[in-house]
Amino acid sequence: MRRRLGRECLYVPSCRLGLYLALRHWCPPGGRVLMSPVNDDVIFFVVLAAGLRPVQAPLRADDGSIDSAAVPESTWRGLSAVLTANLYGNPDPAPELRARCDRLGIPLIEDAAHAIGSVVAGRPVGGIGDASAFSLSKHTGAKTGGFLTVADPTLREELARARDLLLEPARLTAELAYGLRPYAEAGVRGLRLTGAARAALRLLGREERTGIRMELRPNELARALTAAPALDTLHPWVRVDLHDYRLAPGRLRLRRTERLLTGLDERLAAHLEGTQRLLDTRWALPRPGPAQPLFRVPLLVAHRDAAIAALARRRITVGYLYDPPLDTYAGERFTDPSPRPGPAAWFARHALPVDPLRARQVISVLTEIDAQPARPPVTRHAPVRVPRMQKYAPPTTPPTARTPPAQLPVRGEPGV
Ligand SMILES: Cc1ncc(COP(=O)(O)O)c(C=O)c1O
């Protein structure tokens with residue numbers, strides 16, 4: 001990873017723990033963090049656990065990336081950090097965000113969980129912020145592990161010490177369960193028992209998500225937050241989907257991770273090929289620049305849930321859905337809402353995240369059910385942000401030919 005990114009890297013048992021470490025290191029408790037509302041709810045709880053207030057960013061409807069130009073000036077001024085999402089591997093505008101953060105003197109932290117092979121402005125995603133966190137559960141398929149990377153190499157030792165204080169000691173039972181899990185899962189799949197296994201977990205009350213979003217439990221959450229910054233009290237929310245997120249890795253875990261990481265380039269090549277295939281379909285929008293080895297390709301379909309059901313009938317599970325956006329999910333008690341929620345809600349509702357490794361099968365199912373493409377609405381009410389020095393003031397004297405009428409600045413003009 002150091003070679004790929006040209007930066008110091010620190011192994012962490014999960015991306016979420018890496019992000020927690022970064023947020024604790026760079027942000028004073030009580031600070032505000034701009035983040036994407038179309039993101040895993042786990043990351044929302046990581047921000048809360050770090051004692052920070054999530055501030056939801058406006059997004060672009062076509063690809064779900066952060067629309068930095070639509071962030072109001074007043075929001076920028078109150079921030080302690082910006083956290084990108086790089087959803088499905090599609091980069092957020094990190095160079096623009098970096099420039100903004102530099103002007104404000106705040107850190108840029110990149111969540112590169114989905115974006116291990118993605119590039120933005122000629123640089124690897126994760127190589128632009130003050131810190132970035134990667135997940136080895138995604139492209140690599142290790143289902144454990146990640147990396148925290150830092151721009152300033154002198155911070156590595158300090159962060160390693162902070163990480164070690166957060167780790168739970170390796171447990172033989174957890175290590176064994178990790179080692180056996182792929183075989184158990186393959187067995188269940190081979191016997192076509194996936195549905196039955198899910199139903200059994202539901203019956204046993206062990207299913208953590210009954211919908212896309214985990215249950216919020218607002219009153220419990222509010223109580224847990226009185227202890228923030230702290231990971232322990234937020235544990236029930238932060239651990240969802242990966243209970244070993246802070247477990248020190250045993251030898252088996254590290255060996256499997258190492259082996260899978262060795263095959264990363266081939267994996268990325270396969271993701272790139274599938275991505276290109278999916279981007280050539282009518283459910284994708286043309287994208288500028290060369291294709292990236294996306295982790296998931298967000299096709300835009302009119303009746304997304306019908307498509308998901310059709311895919312499920314062919315035993316293709318669609319994951320990584322983030323609907324509704326986090327501000328709708330958690331409400332103003334726990335987050336500042338996006339100033340322009342419409343495009344994010346539209347994208348969250350219509351994006352069908354397709355695994356590029358299954359591109360052919362998915363295209364065949366979508367063709368068979370004649371799935372209709374969805375196209376994002378044109379944003380008519382883009383906020384016109386009036387810079388403070390240029391506020392409109394009604395003229396005190398009627399305008400003459402020599403004093404042109406005062407005009408509101410138009411969005412898109414230089415400096416607006
Ligand atoms: C966008 C995003 N960031 C971070 C994470 C957390 O990664 P990990 O499971 O390695 O903690 C996830 C998990 O799915 C994710 O989807």
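Residues numbered from 1 in each chain as written. Predicted model: local features only at pLDDT ≥ 70, side-chain atom pairs only at ≥ 80, totals over all residues. Heavy atoms only, no water.

Visitor: Residues and numbers for the site of the ligand, please.
Guide: The full set close to the ligand counts 14 residues, and Arg16, Asp111, His114, Ser135 and Tyr322 are the nearest of them. Taking cysteine 15, its main chain carries an N or O atom lying 3.0 Å from an oxygen atom of the ligand. At 2.8 Å from an oxygen atom of the ligand is found a side-chain nitrogen or oxygen belonging to histidine 114. Here the residues of the shell around the ligand are counted per class, giving six nonpolar, four polar and four charged. (Near = heavy atom within 4 Å. Polar contact = N/O pair within 3.5 Å; in protein donor to acceptor, adjacent residues only side chain to side chain. Nonpolar A, V, L, I, M, F, W, Y, C, P; charged D, E, K, R; others polar.)

Visitor: Could you give an account of the sheet that holds strand E2 (residues 32–35), naming the residues involved and the relevant values?
Guide: As summarised here, the arrangement of the seven strands in space is E1-E9-E8-E5-E4-E2-E3, forming an open sheet in which the pairing is mixed. Two strands close off the open sheet at either side, each with one partner strand: strand E1 (8–12) and strand E3 (53–56). Each strand of the sheet is rotated relative to its neighbour by a mean of 25°, with strand direction disregarded. Note: E2 against E3, four bridges, orientation parallel. What sits directly across from leucine 34, in E3, is valine 55. The sheet strands contacting helix H5 (residues 94–104) are strand E4 (81–84) and strand E5 (108–111), and the helix crosses E5 at an angle near 155°. Where helix H6 (residues 156–166) meets the sheet, its contacts fall on E1 and strand E9 (146–150), and the angle it forms with E1 comes to roughly 5°. (Pairing = 2+ DSSP bridges. Helix = DSSP H or I, 4+ residues; strand = E, 2+ residues; numbered from the N terminus. Axes fitted to C-alpha atoms, helices over the stretch in contact; angles between N-to-C directions. Contact = heavy atoms within 4.5 Å.)

Visitor: Please provide a residue-by-residue account of the environment of alanine 269, values included.
Guide: Considering the arrangement of structural elements, one finds alanine 269 in helix H12 (residues 264–279). Given the relative accessible area of 45%, alanine 269 is considered partly exposed. Note: C-alpha distance between alanine 269 and glutamine 292 (23 residues apart in sequence) is 9.6 Å. (Buried < 20%, exposed > 50% of the residue type's maximum accessible area, 1.4 Å probe, protein only.)

Visitor: Summarise the nonpolar core; cite the residues concerned and give the values.
Guide: Looking at soluble globular proteins, one finds that nonpolar side chains tend to be buried together. Counting 49 residues, the largest nonpolar core has Leu23 and Phe45 as its most contacted members. If you tally residues by element for this core, the top one is helix H3 (residues 41–49), at eight residues. If near-sequence neighbours (up to four positions away) are discounted, phenylalanine 45 is found in contact with Met214, Leu216, Leu221, Leu234, Trp237, Val238 and Tyr329. (Core = buried A, V, L, I, M, F, W, Y, C linked by side-chain atoms within 4.5 Å.)

Visitor: With reference to specific residues and values, describe the packing of helix H2 (residues 15–26) against H6.
Guide: As a packed pair, H2 and H6 sit with axes 11 Å apart at the nearest point and diverge in direction by 120°. Between H2 and H6, the crossing angle belongs to the class labelled oblique. At the point where H2 passes H6, the crossing takes the right-handed sense. Counting all contacts with H2, which are made through Leu17, Tyr20, Leu21, His25 and Trp26, the residues of H6 involved are Glu158, Leu159, Ala162, Arg163 and Leu166. (Parallel < 35°, antiparallel > 145°, perpendicular 65-115°, else oblique. Left-handed = near helix turned anticlockwise from the far one by under 90°.)

Visitor: I'd like a description of a nonpolar patch on the surface, backed by residues and values.
Guide: Residues Leu172, Leu176, Leu180 and Tyr183 make up a contiguous nonpolar surface patch of roughly 510 Å² in combined accessible area. Under the relative-accessibility criterion, tyrosine 183 is labelled exposed at 61%. (Patch = residues over 30% accessible without salt bridge, like charges linked within 9 Å, V, L, I, M, F, W, Y side chains within 5 Å. Areas by Shrake-Rupley, 256 points an atom, 1.4 Å probe, with all protein chains shown as cover. Salt bridge = Lys/Arg side-chain N within 4 Å of Asp/Glu carboxyl O.)

Visitor: Mind laying out the pattern of salt bridges, listing which residues take part and the relevant values?
Guide: In total, this model carries 28 salt bridges according to the counting rule given. Linking arginine 98 and aspartate 102 is a salt bridge whose minimum nitrogen-to-oxygen distance equals 2.8 Å. Residue arginine 98 and its partner aspartate 102 are located together in helix H5, separated by four residues, close to a single helical turn. Residue classification places arginine 98 among the buried residues on the basis of a relative accessible area of 18%. Given the relative accessible area of 48%, aspartate 102 is considered partly exposed.

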